[in-house]
Amino acid sequence: MHIALTFDLKDDYLALGYTSEEVAEFDRVETIDAIADALERLGHTTTRVGHARALIERLSRGERWDLVFNIAEGLSGSARESQVPAILDVYGVPYTFSDTLTLAVCLDKRLAKHVVREHGVPTPDFVVLSDTAQLERDLDRCPLPFPVFAKPIAEGTSRGVTANSLIADRALLLATARQLLLTYRQPVLVESFLPGREFTVGILGTGEKARTIGALEVHLTQEADQGVYSYDNKQLFEGRVEYTAATDAEATRAMQVALAAYRALGCRDGGRVDVRNDAQGAPSFIEANPLAGLHPVISDLAILGRLVNLPYEDLIRQIVESASTRLT
C-alpha cells in the first residue's frame, strides 16, 4: 500500500518557541524514521505528511493514499487528538488507530471513566474541579477520603503529574488544584488513590479481535518521585524507573480490566491502558491512551514489545493489518 504518515514533530514546535513540556506529547524525528522504515520493510511505500495543516494542504491539492498511519496528537483544543482523523473522515481516507469520538472521549479522563464504569469496569471514585473562584466551596463538598490523586483532565505524557499529585490533606489539595487550574487552563480530575501495583497494558487489534500483549509494570527507584509515575519520572526514566513484564495473577486480572476498558471505549488497532491495584490487589481502570507512543526505544509500548518478544516491525505490521480490515 501507499501509506502516508501524519504526526506532530517536537522540533517543528520548539523552533516556534514552545517549551519542551508543551511539546512533550509530540514525536521525535527518530520515531517517524522508525515507523517509515518498518512500513517500507513490510513492502509499503510511505509519504511523510506531518501535522493537520500540512494534511489539509496536501488533500486540497488532490493527494490521496491507501491508508494514513496517524500518530498526530494535535496542538490545542479539548479534542485535539481528533483533528487529523476528522479531516481524513471528510475526505474518506482510512487511517490507523481510533476514530474521532474515541480519541476525544479518551483525552477527557472524566468522560473515559464514565464510559468504562457504565460497562461495568471498575475505576476509582472521582470529582472534577473547574473553577478557581469556587475552589474552596467545591473542596468542602468533595466526598473523597484522603489520600487522593490530582491531575489535569486532558493531558498526556504525565503532564501536570508531579510529586504533589499524591495528596494527603485538604491544604495541599487546595494548593495543587489551584496551581493546575492556572497552569493548564482545564479542569482537574481528583480521584481516590490506589496504593497497589501499577501496570500499563499493551493491546493490539479491534473489537472482539483485540488482545493484550502483556502488562508492563512500573517500578520506581529511590531516585524517583515516590508513589507517582510523574512527568519527571517519565521524561528522566533512566535511573528513576525500571520496567518488567508482569505475568502473575494480579497482572492477569489487570490485563482483563484493561481489555474490557479498551473495548468499552471503542479503541482500534492498538494502544495502552493504565491500570492500578488497590490494597487488596484488585485492579481498576485509570486511563486509556489510544495513540500510544511508538518511539522504538523509549516508548512504553515498544519497551513492552521487547520484553514479550514482539519485534518493533511486527508491532507496526499488526497495527496496519488491523486497520486494513476497514479498507473498502
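Just so it is clear, the model here is predicted, and its values are computed rather than measured.

1. Some details on the side chain of His-295
In this structure, His-295 sits in the loop between strand 12 (283-289) and helix 11 (300-307). Looking at His-295, the relative accessible area reads 9%, which means it is buried. Within polar-contact distance, the side chain of His-295 engages the backbone nitrogen of Ile-298 at 3.2 Å.

2. Looking at the sheet that holds strand 12
Spatially, the five strands line up as an open sheet ordered 10-9-8-11-12, and their pairing is antiparallel. Each edge of the open sheet carries a strand with a single partner, namely strand 10 (241-246) and strand 12. Each adjacent strand pair in this sheet contributes to an overall mean axis angle of 30°, direction not counted. Along the sheet, helix 11 contacts strand 8 (198-204), strand 9 (211-220), strand 10 and strand 11 (270-277); its crossing angle with strand 9, the most-contacted strand, is approximately 105°.

3. Some details on the environment of Leu-181
Secondary-structure assignment places Leu-181 in helix 8 (residues 170-184). Not counting the four nearest positions on each side in its chain, Leu-181 is found in contact with Leu-129, Ser-130, Asp-131, Thr-132, Leu-135, Gln-186, Pro-187 and Val-188.

4. Digging into the nonpolar core
Counting residues in hydrophobic clusters, the biggest one holds 36 residues, and the most contacted among them are Ile-35, Phe-69, Leu-294, Tyr-312 and Ile-316. Mapped onto this core, the elements with two or more residues apiece are strand 1 (2-6), helix 2 (29-41), strand 3 (67-70), strand 9, strand 10, helix 11 and helix 12 (312-324). With residues up to four places along the chain from it excluded, the contact list for Leu-294 reads Thr-31, Ile-35, Phe-69, Ile-71, Phe-97, Ser-299, Leu-301, Tyr-312, Leu-315, Ile-316 and Ile-319. With 25 residues, the next largest nonpolar core counts Val-105, Ala-215, Val-275 and Ala-288 among its residues.

5. Focus on the packing of helix 3 (residues 52-60) against helix 4 (residues 83-91)
The contact between helix 3 and helix 4 brings their axes to 10 Å, and the two run at 10°. As the angle between them shows, helix 3 and helix 4 are arranged roughly parallel. Here helix 3 runs over helix 4; the crossing is right-handed. Counting all contacts with helix 3, which are made through Ala-52, Leu-55, Ile-56, Leu-59 and Ser-60, the residues of helix 4 involved are Val-84, Ile-87, Leu-88 and Tyr-91.

6. Topic: the packing of aromatic side chains
Scanning all chains against the criterion turns up four aromatic pairs. For the ring pair Tyr-13 and Phe-26, a centre distance of 4.7 Å and an interplane angle of 45° mean the geometry is tilted. Of this pair, Tyr-13 sits in helix 1 (residues 10-14) while Phe-26 sits in the loop between helix 1 and helix 2, and the two are 13 residues apart along the sequence. The pair Tyr-13 / Phe-26 is uniform in exposure class, with both members buried. Aromatic side chains Phe-149 and Phe-193 sit 6.4 Å apart centroid to centroid with 20° between the ring planes, which places their arrangement in the stacked category. In this pair, Phe-149 is assigned in strand 5 (residues 148-152) and Phe-193 in the loop between strand 7 (188-192) and strand 8, connecting sequence segments 44 residues apart. Phe-149 sits in the buried class, given a relative accessible area of 13%. In textbook terms, an aromatic cluster arises when at least three aromatic residues are bridged by ring pairs, as seen for Tyr-13, Tyr-18 and Phe-26.

7. Some words on helix 8
Taking 1.5 Å per residue, 15 residues should reach 21 Å; helix 8 reaches 21 Å between its end C-alpha atoms and fits that length. Looking at the packing, one finds that the buried side of helix 8 touches strand 4 (126-129), helix 7 (135-140), strand 5, strand 6 (166-167) and strand 7. With its phi angle positive at about 55°, Arg-185 sits one or two positions after the end of helix 8.

8. Thoughts on the pairing of strand 5
Most of strand 5 is tucked away: five of the five residues are buried. Pairing analysis gives two bridges linking strand 5 to strand 6, with the strands arranged antiparallel. Counted as the bridge partner of Phe-149 is Leu-166 from strand 6. Judged from the five bridges that link them, strand 5 and strand 7 form a sheet pairing that is antiparallel. Across the sheet, the residue bridging to Lys-151 is Leu-189, located in strand 7.

About the cut-offs
- Residues numbered from 1 in each chain as written.
- Predicted model: local features only at pLDDT ≥ 70, side-chain atom pairs only at ≥ 80, totals over all residues.
- Heavy atoms only, no water.
- Helix = DSSP H or I, 4+ residues; strand = E, 2+ residues; numbered from the N terminus.
- Buried < 20%, exposed > 50% of the residue type's maximum accessible area, 1.4 Å probe, protein only.
- Polar contact = N/O pair within 3.5 Å; in protein donor to acceptor, adjacent residues only side chain to side chain.
- Pairing = 2+ DSSP bridges.
- Axes fitted to C-alpha atoms, helices over the stretch in contact; angles between N-to-C directions.
- Contact = heavy atoms within 4.5 Å.
- Core = buried A, V, L, I, M, F, W, Y, C linked by side-chain atoms within 4.5 Å.
- Parallel < 35°, antiparallel > 145°, perpendicular 65-115°, else oblique.
- Left-handed = near helix turned anticlockwise from the far one by under 90°.
- Phe/Tyr/Trp six-rings, centres within 6.5 Å; stacked < 30°, edge-to-face > 60°.
- Expected span 1.5 Å × (residues − 1).

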